[in-house]
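Listed below, chain by chain, are the residues.
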Amino acid sequence: MLDIRWVRENAEAVKTAMINRNAEVDVDAVLVFDNRRREIIVEVDGLKAERNKISKSIGLMIKEGKDPEAIKAQVREMGEKIAVLDEEQREVDAQLRDALLYIPNLPANTTPVGKDESDNPVVRSWGEKVAFDFEPQMHWDLGETLQLFDLERGAKIAGSGFPLFTGRGAKLERALIQFMLDLHTEEHGYIELATPFMCNETAMTGTGQLPKFAEDMYTVSLDGLYPVPTAEVPVTNMYGNEILDQELPIKHTAYTPCFRREAGSAGKDTRGLQRVHQFDKVEMVKFTTPETSAEEHEKLTLDAERVLQKLGLHYRVIELCTGDLGFSAAKCYDIELWTAAQEKWLEVSSCSNFHDYQARRANIRYRNEDGKTTFVHTINGSGVALPRLVIALLENNQTADGSIDLPEALWPYMGGLQKLL
RNA sequence: GGAGAGGUGUCUGAGUGGUUUAAAGAGCACGCUUGGAAAGCGUGUGUGUGCUUAACGGUAUACCGAGGGUUCGAAUCCCUCCCUCUCCGCCA
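Residues numbered from 1 in each chain as written. Chains lettered and ligands numbered in written order. Predicted model: local features only at pLDDT ≥ 70, side-chain atom pairs only at ≥ 80, totals over all residues. Heavy atoms only, no water.

**Some details on the protein's contact with RNA strand B**
Lining the immediate environment of RNA strand B, one finds 23 residues, of which Ser-55, Val-75, Arg-76, Arg-365 and Thr-373 sit closest. A distance of 3.4 Å separates a phosphate oxygen of RNA strand B from a polar side-chain atom of Arg-5. Within the side chain of Arg-51, a nitrogen or oxygen atom sits 3.5 Å from a phosphate oxygen of RNA strand B. Among the secondary structure elements, those contributing two or more residues to the surface near RNA strand B are α1 (4-9), α3 (27-63), α4 (69-101) and β11 (364-367). The element that contributes the greatest number of residues to the surface near RNA strand B is α3, accounting for 14 residues. Broken down by class, the residue content of the surface near RNA strand B amounts to six nonpolar, four polar and 13 charged. (Near = heavy atom within 4 Å. Polar contact = N/O pair within 3.5 Å; in protein donor to acceptor, adjacent residues only side chain to side chain. Helix = DSSP H or I, 4+ residues; strand = E, 2+ residues; numbered from the N terminus. Nonpolar A, V, L, I, M, F, W, Y, C, P; charged D, E, K, R; others polar.)

**Some thoughts on the domain arrangement of chain A**
For chain A, the assigned domains are domain 1 (4-101) and domain 2 (117-420). Measuring from the centre of the C-alpha atoms in domain 1 to the corresponding centre in domain 2 gives 43 Å. On the side of domain 2, 10 residues touch domain 1, which itself brings five residues to the contact. The largest share of the area that domain 1 buries against domain 2 comes from Asn-20, Arg-21 and Leu-101, three residues that together contribute 78% of it. In this assembly, domain 1 and domain 2 are joined by zero salt bridges. At the boundary of domain 1 with domain 2, the tally comes to seven residue pairs in polar contact (both at pLDDT 80 or more). In terms of residue class, the side of domain 1 that touches domain 2 is built from one nonpolar, two polar and two charged. (Domains from an automatic or database assignment. Contact = heavy atoms within 4.5 Å. Buried area = accessible area lost by both parts, 1.4 Å probe. Salt bridge = Lys/Arg side-chain N within 4 Å of Asp/Glu carboxyl O.)

**Focus: the packing of α3 against α4**
Interhelical geometry of α3 versus α4 gives an angle of 150 degrees and a closest axis separation of 8 Å. When the axes of α3 and α4 are compared, the pair comes out roughly antiparallel. The interaxial crossing formed by α3 with α4 has left-handed handedness. Considering only residue class, the contact of α3 with α4 consists of 18 nonpolar, five polar and 12 charged. (Axes fitted to C-alpha atoms, helices over the stretch in contact; angles between N-to-C directions. Parallel < 35°, antiparallel > 145°, perpendicular 65-115°, else oblique. Left-handed = near helix turned anticlockwise from the far one by under 90°.)

**Description of the pattern of salt bridges**
For the coordinates displayed, the defined rule picks out 26 salt bridges. Residue Arg-360 pairs with Asp-356 through a salt bridge whose shortest N-O separation is 2.7 Å.

**Focus on the pairing of strand β9 (residues 331-339)**
Counting buried positions along β9 gives nine out of nine residues, so the element sits mostly inside the fold. Here β9 shows a buried face lined by Lys-331, Tyr-333, Ile-335, Leu-337 and Thr-339 and a second buried face lined by Cys-332, Asp-334, Glu-336 and Trp-338. Taken together, the five bridges between strand β8 (residues 315-319) and β9 define a ladder with antiparallel strand orientation. Note on β9: the bridge partner recorded for Val-317 is Ile-335. The sheet contact formed by β9 and strand β10 (residues 344-353) spans nine bridges and is antiparallel. Note on β10: the bridge partner recorded for Asp-334 is Ser-350. Hairpin geometry of β9 and β10 is characterised by an intervening segment of four residues between the two adjacent antiparallel strands and by a positive phi of about 55 degrees at Glu-343. (Buried < 20%, exposed > 50% of the residue type's maximum accessible area, 1.4 Å probe, protein only. Pairing = 2+ DSSP bridges.)

**Remarks on the pairing of strand β7 (residues 278-288)**
Consecutive residues of a regular strand have side chains that alternate between opposite faces of the sheet. For β7, the buried fraction is high: 10 of the 11 residues fall into the buried class. Sheet topology places strand β6 (residues 250-259) next to β7; 10 bridges connect them, and they run antiparallel. Bridge pairing links Pro-257 to Asp-280 in β7. With seven bridges joining them, β7 and strand β13 (residues 377-385) adopt antiparallel strand pairing. What sits directly across from Thr-288, in β13, is His-377.

**Focus on the packing of helix α7 (residues 168-187) against helix α10 (residues 293-310)**
Here α7 crosses α10 at 125 degrees, and the two axes come no closer than 11 Å. The angle between the axes of α7 and α10 places the two elements in the oblique class. In this structure, the crossing between α7 and α10 has a hand that is right-handed. Between α7, through Phe-179, Met-180, Leu-183, His-184 and Glu-187, and α10, the contact on the second element is made entirely by Asp-303, Arg-306, Val-307 and Lys-310.

Right, here's the structure in full:
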């Protein structure tokens, strides 16, 4: 959520930012709500001040044995006026908040201006494309042949997009999760969390999934809960409505399954494990001061990259331009893995700096050096998402005989297994 | 799921309709005192919003789990909900 005072004073800058984002936002409507809200407050607070004063004098009159009935009538009238204004303020507050919740974050001034994904610059890349001296197989064929997953039976249980991993495939999932959690906790200084896999509406609103993207979420309507679309939601919101007294940055990592309806993307790149409704992911989340968030964002991105480096997978980092930036993000790097059989880049991580946008929605603050309560900056990134990581491992590490060479970093996690065959 | 007890500031904890402007204590900060420290003494010690100010601030209002209601006036009375604890039931 944007700071309404800032919007009030920088309406033109907000409008420009929204144009750069290709976002249709009625900034003027927000300003109208804001004006009306302040008008009401001036009037109603004045009335309340008067009422408080008179009410107190009624107490004194009763003590002195005087009859307060005449004054009571007068205050009652005032109370009716206050009730009307209170009600209107509630309405305007709700309208203003709702309008603000639908305004995306302002892009950081370092975020490149651009129209869509074709304007996203490549920041850097690591490793090289694998060259085969045989015809490489697609991961969906490798997976079925090696009995790592059984997508048909997964679909039988829950529907397409709900992968069923089997045998060594299931173990590979578990190994990758453990490998990543160990890396982030032991070498990158993150504190591990095991969170609820469902969140309520407040939490989903805090990080920006709601209200705008309700149709992307699964719902458990009987209980008002949402299966988490990312660990970002529980981890960020765990500090909601708090003034943090720990030293910043706070760094957390957590594994959760992620549930996404993927509404509107039916049929797009869905073969195999490329786009699924349920997937495993290890997430990193940081809470920082405004001064250090840019630096911590860069570091977090490098932490995600180390996962891929240790696994020896060729990747590139691109920076999202204003037109492609996610709703809540001010700045974002995507990390994409090269898949050697399909010969395309697959996004496995999205590392975003949200500035104080989520902190304002979720009300997460700290005391700065002057002792003033200030919104923290939140940063998060996948470190990393599993199914596409598995795709790259299968396609890139396959050999002529159809087996898969496992990277050395995974051997201990696979019980010493070095090869899937 | 049933029955009961609770939820007050950083913490402990008083407060069942009217100077409560939320007592008191602890903690914390600052000051005095001291060779230095402790003790002692003194002062201060939340959050949001509005108005005002160049700023420090000032001022009004709201906040005692959340949201409604009754009343001239609510931490206090009423309603709904949430959470915690104890016991029972069910259960991995």
